[in-house]
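An overview of the molecular structure
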Amino acid sequence: MNTTLERQPATSLKVRCCIVGGGPAGMMLGYLLGRAGIDVVVLEKHADFFRDFRGDTVHPSTLQVMDELGLIDGFLKLPHQRLQTMDGLFGGTPVRIADLRQLRTKYPFIAFMPQWDFLNFLREAGQRFASLKVMMNTEAVDLIRRGESIAGVRAKTADGDIDIEADLTIACDGRHSIVRERAGLEVEEIGAPMDVLWFRAGRNAGETENVFAGVERGKMMISFDRGDYWQCAYVIAKGQYDAVKARGLQTLLDDVVRMAPILKNGIADVNSFDDIKLLTVAINRLTRWTRPGLLCIGDAAHAMSPVGGVGVNLAVQDAVATANLLADKMQQRCPSENELDAVRRRREFPVKMTQWMQVVVQNNIISGALQPGDRPLKVPLIVRLITALPWLQGIPARLLALGVRPEHVHSRAAPSSSRAGIG
Ligand SMILES: Cc1cc2nc3c(=O)[nH]c(=O)nc-3n(C[C@H](O)[C@H](O)[C@H](O)COP(=O)(O)OP(=O)(O)OC[C@H]3O[C@@H](n4cnc5c(N)ncnc54)[C@H](O)[C@@H]3O)c2cc1C
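Scoring rules and cut-offs
Residues numbered from 1 in each chain as written. Predicted model: local features only at pLDDT ≥ 70, side-chain atom pairs only at ≥ 80, totals over all residues. Heavy atoms only, no water. Helix = DSSP H or I, 4+ residues; strand = E, 2+ residues; numbered from the N terminus. Polar contact = N/O pair within 3.5 Å; in protein donor to acceptor, adjacent residues only side chain to side chain. Contact = heavy atoms within 4.5 Å. Near = heavy atom within 4 Å. Areas by Shrake-Rupley, 256 points an atom, 1.4 Å probe, with all protein chains shown as cover. Nonpolar A, V, L, I, M, F, W, Y, C, P; charged D, E, K, R; others polar. Buried < 20%, exposed > 50% of the residue type's maximum accessible area, 1.4 Å probe, protein only. Core = buried A, V, L, I, M, F, W, Y, C linked by side-chain atoms within 4.5 Å. Domains from an automatic or database assignment. Pairing = 2+ DSSP bridges. Phe/Tyr/Trp six-rings, centres within 6.5 Å; stacked < 30°, edge-to-face > 60°. Lys NZ or Arg CZ within 6 Å of the ring centre and 35° of its normal. Buried area = accessible area lost by both parts, 1.4 Å probe. Salt bridge = Lys/Arg side-chain N within 4 Å of Asp/Glu carboxyl O. Axes fitted to C-alpha atoms, helices over the stretch in contact; angles between N-to-C directions. Arc of directions from axis to C-beta.

**Quick word on the side chain of aspartate 67**
With respect to the helices and strands, aspartate 67 occurs in helix H2 (residues 60–68). Here the side chain of aspartate 67 touches tyrosine 107 through a polar contact of 2.4 Å, side chain to side chain. When neighbours within four sequence positions are excluded, aspartate 67 is seen to be in contact with Ile72, Lys106 and Tyr107.

Structure representation (structure tokens):
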């Protein structure tokens, strides 16, 4: 093998497709390619999916994909909360931003479900495909190259390094993708004016709250009912976390409770800044998603702002489009770079449109609100209009729920893809 890596590891594996990263993009794509009977391995660097504060919103577009795959009934049996209207308080004035009940779609709600439940579900559902292998605790650390092409990855496991030779490598390793970095792909930064502090606060049975988001001069607070806890996001101006810390934990918690009084008891769960996770918000995208033998999708190709909570769903849509466009070709060979680039040509428009809308919200609503000062906060005209005219609430609902150019599953299931005796 003509690789640029010098030391040879003890073990190696040869597959048609190696997916790096077991997040929403990687697990959904692994499922779809396994279903199509393609020899595919998904590498996930962690031993499990149990990490807090990842995107937990499953939008109607993803629910529709689960329906098309025949997985929806089992999926909706998992514990989740459903959100149909998005309400808020803007400088003390009640506003409604979206109403999903107006949508003509089979699943007109956002399901809040821990991302680990979603990923475990996909993993378990995929176990029936003989050609799909998920390797946990396996971290891609470098690329294998054959001439100009990417020919797989070298990965680190508990038992030592392994070379995974693949006709096609697909980077689904998120916004800090090592694969895209090693491939030298250029990232275009678009930027965001805010960062987000995430934390959990305890919730007693019977505590209910319709307010989805509160905006006041200099701060924003969002809380979601997650069953036995409130998932909270406190939005601060970019780079201000050290200043927040300098003011002290109690000042922050007092502020949180003032904006969201429902958290009065549960906030006791936040004992130190260690209980708070900083999300450095980024919006960026690759200008080129491919190299010969390599494709990037999901956050590895485009990190999204948390505005609208669409990142998981875009990652899933990328996976569906990738399988639709490439699965048949991958039965025989690695698609050419031009064929791989069909994924960018299909998905770049929805990504750019979504990021554009996120930037509009950031620049026109969030930035203004986060400016310090004493001036009272005025509800932006567009928000006033949407609140006053309920029929308008279907438009943001549609953009949020289904996104731009929603994908449907067209890739075929191979008749012989199931393991003997299962499924
Ligand atoms: C704090 C926070 C809150 C968010 N909230 C929301 C929300 O409410 N709704 C929403 O839709 N989106 C949200 N997002 C964004 C959302 O999580 C992402 O857009 C989405 O998960 C992208 O999916 P992905 O599969 O492309 O990448 P990721 O979910 O980032 O998955 C990448 C996977 O690759 C693995 N990995 C990384 N490097 C390697 C390697 N070298 N080898 C092997 N495995 C590797 C990682 O462990 C991870 O499992 C949030 C993100 C953060 C950080």
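**Some points on the site of the ligand**
Of all residues adjacent to the ligand, which total 34 residues, the nearest are Glu44, Thr57, Asp299, Gly309 and Val312. Here a nitrogen atom of the ligand sits 3.1 Å away from a polar atom, N or O, in the main chain of lysine 45. In the model, an oxygen atom of the ligand is placed 3.0 Å from a nitrogen or oxygen of the histidine 46 side chain. In the complex, 89% of the free accessible area of the ligand, which totals 1,000 Å², lies under the protein chains. Every element with two or more residues in the shell around the ligand is listed here: helix H1 (24–35), strand S9 (139–146) and helix H8 (311–330). Examining the composition of the shell around the ligand, we find that 4 residues originate from one element, H8, more than from any other. Among the residues forming the shell around the ligand, the class breakdown is 13 nonpolar, 13 polar and 8 charged.

**Notes on the environment of leucine 29**
Mapped onto the secondary structure, leucine 29 falls in helix H1. Taking the relative accessible area as the measure of exposure, leucine 29 reaches 0% and is therefore buried. Those residues within four positions of leucine 29 in sequence are excluded, and the remaining contacts are Ile19, Ile170, Ile297, Ala319, Thr322 and Ala323.

**A closer look at the nonpolar core**
One recurring pattern in soluble globular proteins: nonpolar side chains tend to sit buried together. Among the nonpolar cores identified, the biggest contains 114 residues, and Leu33, Phe75 and Ile164 are the most heavily contacted of them. Among the elements that line this core, the one with the most residues is H8, at 10 residues. Composition of this core by domain shows at least three residues from each of domain 1 (11–81 + 111–190 + 284–363 + 391–401) and domain 2 (194–279). Judged by nonpolar contacts, the second largest core, of 22 residues, contains Phe199, Leu249, Ala260 and Leu263.

**Let's talk about the pairing of strand S16 (residues 229–237)**
In terms of burial, S16 is largely enclosed, as 8 of its 9 residues are buried. Sheet analysis places strand S13 (residues 194–202) next to S16, joined by 9 bridges and oriented antiparallel. Residue alanine 201 lies in a different strand from S16, and its bridge partner there is tryptophan 230. As consecutive antiparallel partners, strand S15 (residues 219–225) and S16 are separated by 3 residues, and within that stretch glycine 227 has a phi angle of approximately 85°, a positive value.

**Overview of the packing of aromatic side chains**
Across all of its chains, the model carries 6 aromatic pairs by this definition. Taking the centre distance of 5.0 Å and the plane angle of 70° together, the rings of tyrosine 31 and phenylalanine 129 count as edge-to-face. A residue pair is termed long-range when its members are at least 10 positions apart, and tyrosine 31 in helix H1 and phenylalanine 129 in the loop between helix H4 (115–126) and strand S8 (132–135) qualify at 98 residues. When sorted by exposure, tyrosine 31 lands in the same class as phenylalanine 129, which is buried. Ring centres of tyrosine 241 and phenylalanine 273 lie 6.1 Å apart, and the angle between their planes is 75°; this geometry places the pair in the edge-to-face category. Taken together, the residues tyrosine 241 in helix H6 (residues 241–247) and phenylalanine 273 in the loop between helix H7 (249–259) and strand S17 (277–279) connect sequence positions 32 residues apart. Each member of the pair, tyrosine 241 as well as phenylalanine 273, carries the same accessibility label: buried. Aromatic ring contacts, followed pair by pair, group Phe75, Phe118 and Phe121 into a single cluster. For the cation-ring pair, arginine 82 lies above phenylalanine 109, with the distance from its terminal atom to the ring centre recorded as 4.1 Å.

**Remarks on the sheet that holds strand S4 (residues 81–83)**
One open sheet holds the 3 strands; their spatial order is S3-S7-S4, and the pairing between them is antiparallel. Sheet topology places strand S3 (57–58) and S4 at the edges, where each strand pairs with a single neighbour. Here 2 bridges tie S3 to strand S7 (residues 110–112), and the two strands are oriented antiparallel to one another. Residue pairing for S7: threonine 57 is matched across the bridge by phenylalanine 112.

**Description of the domain arrangement of the chain**
Structurally, the chain comprises domain 1 (11–81 + 111–190 + 284–363 + 391–401) and domain 2 (194–279). Once you take the C-alpha centre of each, domain 1 and domain 2 turn out to be 30 Å apart. Summed over both partners, the interface of domain 1 with domain 2 buries about 1,000 Å², with 63% contributed by carbon and sulfur atoms. For the interface between domain 1 and domain 2, the tally reads 1 salt bridge. Residue arginine 226 is joined to aspartate 56 by a salt bridge in which the shortest nitrogen-to-oxygen separation is 3.0 Å.

**Topic: the sheet that holds strand S5 (residues 85–90)**
Strand order in the open sheet made by the 7 strands is S6-S5-S14-S15-S16-S13-S17, with mixed pairing throughout. Both edges of this open sheet fall to strand S6 (93–99) and S17, since each of them pairs with a single strand only. Between one strand and the next, the sheet's axes are offset by a mean angle of 20°, whatever the strand orientation. Note: S13 against S17, 3 bridges, orientation antiparallel. Counted as the bridge partner of leucine 197 is leucine 278 from S17. Each of S13, strand S14 (213–216), S15 and S16 touches H7; the most contacted strand, S15, lies at about 70° to it.

**Re helix H11 (residues 394–401)**
Turning to H11, its buried residues are Gly394, Pro396, Ala397, Leu400 and Ala401. One face of H11 carries all of its buried residues, which in axial projection span an arc of 165°. In this structure, the buried residues of H11 make contact with H2, S5, S6 and helix H10 (381–388). In the segment just after H11, glycine 403 is the residue with positive phi, at about 70°.

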